[in-house]
Amino acid sequence: METLSNLESFVRSAELASFSEAARRLALTPAAVSRNVAQLERNLGVRLFQRSTRGLTLTESGERFLQAVSTGLDSIQAAIADVSTHAGQPAGTLKLSAAPGFARDFLLPLMPAFLERYPAVRPDWHLDNRQVDLIAGGYDAAIGGGFELTPGVVARELARIKIVAVASPQYLKGRRAPATPADLKDFDGIMMRSAITGRLRHAGLRNRQGQEQIAEMTPRMTMTEPDGVLQMVLMGMGVAMLAVPNVLQYLENGQLVRVLPDWADDAGPISLYFTSQQLLPAKTRAFVDFVTQAFREQALAQRFQA
């Protein structure tokens, strides 16, 4: 009978094509993972991996064995997690991903109450504007938009996001208010540039009557991340297209106002992503339920409609 550690080392090494990455995922040393896999190969009498300087590739026998054991291993781990759940409080490191601005404004403020309720959980936040691979990266949950729903990942929608045109009252003072997105060409644009393609992002805005126009602003300044754009708009440098969560507090306290209040771009949902295990670890279930309840209590889905 193989030990659970041998099987875990094999499955995670196969998924990540690396003993080192599997070791990080399992909180072991690469040497320990390699030994576990070697012992499994000796016990089975077959080679499961081809090893090279480029990494690991499964042999034909390894492919068949992975298909046979991976589902069963997940079930065993889920069963262990379920037993732990009923034995006490949710516990352990909770690896999370979110965009820095969204986390700062809406997620990190929840942490004191969350940790008071679940003191044995240790949130490990990774704040980045880039999307992550939940399974390969070993994340318990991520919050964002547009993630690819790969096998084993599910999404719980929290709210829908709009892109709106905003500016400071100081900047707009003495200027004629635009009537349509086309009028924005006469305003200073603080614009986002894709960090990947280098292209400027021109939002297509839609009004309540269903008409759609591209907001072709004249660039006064360009940036590759929204926090910098927001700072420039707050300083009265021009008009920007930003997601409502980025600017909500400033719209509510009057530091910013919507330009073209009848026009917006639907940017899709912001969702909570987590793995679709039948028996979700207690720490992940606690976080998912806590954040979902907080969004309801704060009416964020409604407030994000601005």
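Under an unreviewed UniProt entry, the chain has the name LysR family transcriptional regulator and belongs to Duganella aquatilis. The Sequence similarities (unreviewed entry) field of the UniProt record for the chain holds the comment "Belongs to the LysR transcriptional regulatory family."

Q: Just to check I follow, could you spell out the packing of aromatic side chains for this structure?
A: Any pair of aromatic rings gets described here by the distance separating the centres and the angle formed by the planes. For the structure on display, the rule yields 13 aromatic pairs. Between the aromatic rings of Phe19 and Phe49, the centroid separation amounts to 6.0 Å while the plane-to-plane angle is 85 degrees, which identifies the pairing as edge-to-face. With Phe19 in helix H2 (residues 19–26) and Phe49 in strand S1 (residues 49–52), this pair connects stretches of sequence that are 30 residues apart. Since its relative accessible area comes to 13%, Phe19 is described here as buried. With 5.2 Å between their ring centres and 80 degrees between their planes, Phe106 and Phe304 make a pair best called edge-to-face. Of the two residues, Phe106 sits in helix H5 (residues 100–107) while Phe304 sits in the segment after helix H12 (300–303), which places them 198 residues apart along the sequence. Judged by its relative accessible area of 0%, Phe304 is buried. Here the aromatic residues Phe114, Tyr118, Trp125, Phe287 and Phe290 are joined through ring pairs into a cluster of three or more. For Lys95, the ring lying beneath its charged end belongs to Tyr139, and the centroid distance is 4.4 Å. Lying over the aromatic face of Tyr171, Arg175 brings its terminal NZ or CZ to 3.8 Å of the ring centre.

Q: Hey, could you run me through the domain arrangement of the chain in this one?
A: When the parts come together, some accessible area is lost, and that loss is often what is quoted as the size of the interface. Parsing the chain into structural domains produces domain 1 (4–86), domain 2 (94–160 + 269–304) and domain 3 (163–262). Computed over C-alpha atoms, the centres of domain 2 and domain 3 are 28 Å apart. Interface area, domain 2 with domain 3, both sides summed: about 710 Å², of which 48% is carbon and sulfur. Linking domain 2 with domain 3 are two salt bridges, by the criterion used here.

Q: Explanation requested: helix H3 (residues 30–44) in the structure shown.
A: Residue pairs spaced three or four apart in an α-helix point in one direction, given the helix's 3.6 residues per turn. Relative to the 21 Å expected for 15 residues at 1.5 Å per residue, H3 spans 21 Å between its end C-alpha atoms, a close match to the ideal helical length. All of the buried residues along H3 are Ala32, Val33, Asn36, Val37, Leu40 and Glu41. Where H3 ends, the next residue or the one after it, Gly45, has phi of about 75 degrees, a positive value.

Q: Can you help me understand the packing of H2 against H3 in this one?
A: Each pair of packed helices can be summarised by the angle the axes make with each other and by the distance between the axes. Relative to each other, H2 and H3 sit at 105 degrees, their axes nearing to 8 Å. Our classification of the angle between H2 and H3 gives roughly perpendicular. For the pair H2 and H3, the contacting residues are Phe19, Ser20, Ala22 and Ala23 in the first and Pro30, Val33, Ser34 and Val37 in the second. Residues belonging to the contact of H2 with H3 are distributed by class as follows: six nonpolar, two polar and no charged.

Q: I keep staring at the side chain of Ser18 and nothing clicks. Help me out?
A: Note on placement: Ser18 falls in the loop between helix H1 (4–16) and H2. Looking at Ser18, its side chain comes within polar contact range of the main-chain nitrogen of Ser20, at 3.1 Å. If near-sequence neighbours (up to four positions away) are discounted, Ser18 is found in contact with Ser13 and Leu56.

Q: Before we go on, may I ask you to explain the packing of H1 against H2 in this structure?
A: Axis separation between H1 and H2 bottoms out at 8 Å; the angle between their running directions is 125 degrees. Regarding the angle of H1 to H2, the classification is oblique. For H1 against H2, the interelement crossing comes out right-handed. From H1, Glu8, Ser9, Arg12, Ser13, Glu15 and Leu16 reach across to H2, where they touch Phe19, Glu21, Ala22, Arg25 and Leu26. Taken together, the residues of the contact of H1 with H2 break down into four nonpolar, two polar and five charged.

Q: Whenever I open this one, the pairing of S1 confuses me. Can you help?
A: The side chains of a regular strand alternate between both faces of the sheet. Pairing of S1 with strand S2 (residues 55–58), which is carried by four bridges, proceeds in the antiparallel orientation. Bridge pairing links Gln50 to Thr57 in S2. Once S1 ends, the chain turns through two residues before running back antiparallel as S2.

Parameters at a glance
- Residues numbered from 1 in each chain as written.
- Predicted model: local features only at pLDDT ≥ 70, side-chain atom pairs only at ≥ 80, totals over all residues.
- Heavy atoms only, no water.
- UniProt positions renumbered as here; feature names shortened; annotations may be inferred.
- Phe/Tyr/Trp six-rings, centres within 6.5 Å; stacked < 30°, edge-to-face > 60°.
- Helix = DSSP H or I, 4+ residues; strand = E, 2+ residues; numbered from the N terminus.
- Buried < 20%, exposed > 50% of the residue type's maximum accessible area, 1.4 Å probe, protein only.
- Lys NZ or Arg CZ within 6 Å of the ring centre and 35° of its normal.
- Domains from an automatic or database assignment.
- Buried area = accessible area lost by both parts, 1.4 Å probe.
- Salt bridge = Lys/Arg side-chain N within 4 Å of Asp/Glu carboxyl O.
- Expected span 1.5 Å × (residues − 1).
- Axes fitted to C-alpha atoms, helices over the stretch in contact; angles between N-to-C directions.
- Parallel < 35°, antiparallel > 145°, perpendicular 65-115°, else oblique.
- Contact = heavy atoms within 4.5 Å.
- Nonpolar A, V, L, I, M, F, W, Y, C, P; charged D, E, K, R; others polar.
- Polar contact = N/O pair within 3.5 Å; in protein donor to acceptor, adjacent residues only side chain to side chain.
- Left-handed = near helix turned anticlockwise from the far one by under 90°.
- Pairing = 2+ DSSP bridges.

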